[in-house]
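# Summary of the model geometry
Letter by letter, the chains look like this.
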Amino acid sequence: DAGVIQSPRHEVTEMGQEVTLRCKPISGHNSLFWYRQTMMRGLELLIYFNNNVPIDDSGMPEDRFSAKMPNASFSTLKIQPSEPRDSAVYFCASSSGQRVETQYFGPGTRLLVL
Amino acid sequence: AQSVTQLGSHVSVSEGALVLLRCNYSSSVPPYLFWYVQYPNQGLQLLLKYTSAATLVKGINGFEAEFKKSETSFHLTKPSAHMSDAAEYFCAVGEEGGALNFGKGTSLLVTP
């Protein structure tokens, strides 16, 4: 199994630019989670999907952030426009089932907004 | 909402010494509890999880954790630290619907 795949692994962009992060969950998993990790705030849940439907987006910082899951094998997290305070490591994780199951994390995307 | 508190953001132990990382939870229902490990520049990896089947849970790499309801604790232990155990460790509690609430993490340093 390839595990959760994220791309790009590193992204450097300038303030105001659009950033798109991509995630491919483990095949057969029906829940997908986006997290952000910073030194100051630790690991924060941004949004999660179940069967491609967003269940809870209360962690999304503001309207500049949006996430989609057009099918079971692909999700995107978009930041438009990006700001320096968005610099962080963004993780995608997936799990099977609707109850509390083990989440499997991708390697993360390290984002730097200049 | 359910939450966890990890006591000690940094823990240092000597190689071969006991590892003890502390986690206390707050939950109104029987919790699902997890310990994850994060090595530098990598994603989180599951060490072990508690789902009420047994109070003592054994995980990978020689780690184990004991669920103590009376103390609302789920501390992580390993009898003998190895240099390769140096990493960030996260305790987490599961919410209905599948989301996890993570603690702030504890950085484990292992000295020779």
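Residues numbered from 1 in each chain as written. Chains lettered and ligands numbered in written order. Predicted model: local features only at pLDDT ≥ 70, side-chain atom pairs only at ≥ 80, totals over all residues. Heavy atoms only, no water.

## Things to note about the pattern of salt bridges
Under the counting rule described, the total for this entry stands at 10 salt bridges over all chains. The residue Glu62(A) makes a salt bridge to Arg85(A) at a minimum N-O spacing of 3.2 Å. In this pair, Glu62(A) sits in the loop between strand S6 (53-56) and strand S7 (65-71) while Arg85(A) sits in the loop between strand S8 (74-79) and strand S9 (88-95), placing the two residues 23 residues apart along the sequence. Given a relative accessible area of 54%, Arg85(A) falls into the exposed group. For Lys58(B), the salt bridge identified is with Glu64(B), shortest N-O distance 2.8 Å. Through salt bridges with shared partners, one network takes in Glu62(A), Arg64(A), Glu83(A), Arg85(A) and Asp86(A). (Salt bridge = Lys/Arg side-chain N within 4 Å of Asp/Glu carboxyl O. Helix = DSSP H or I, 4+ residues; strand = E, 2+ residues; numbered from the N terminus. Buried < 20%, exposed > 50% of the residue type's maximum accessible area, 1.4 Å probe, protein only.)

## Considerations on the interface of chain A and chain B
Counting residues at the interface gives 19 residues for chain A, matched by 20 residues for chain B. Both sides together, the interface formed by chain A and chain B hides about 1700 Å², and carbon and sulfur atoms give 51% of it. At the boundary of chain A and chain B, one finds zero salt bridges. Looking at the side of chain A that touches chain B, the elements with two or more residues in it are strand S4 (31-38) and strand S5 (42-50) of chain A. (Contact = heavy atoms within 4.5 Å. Buried area = accessible area lost by both parts, 1.4 Å probe.)

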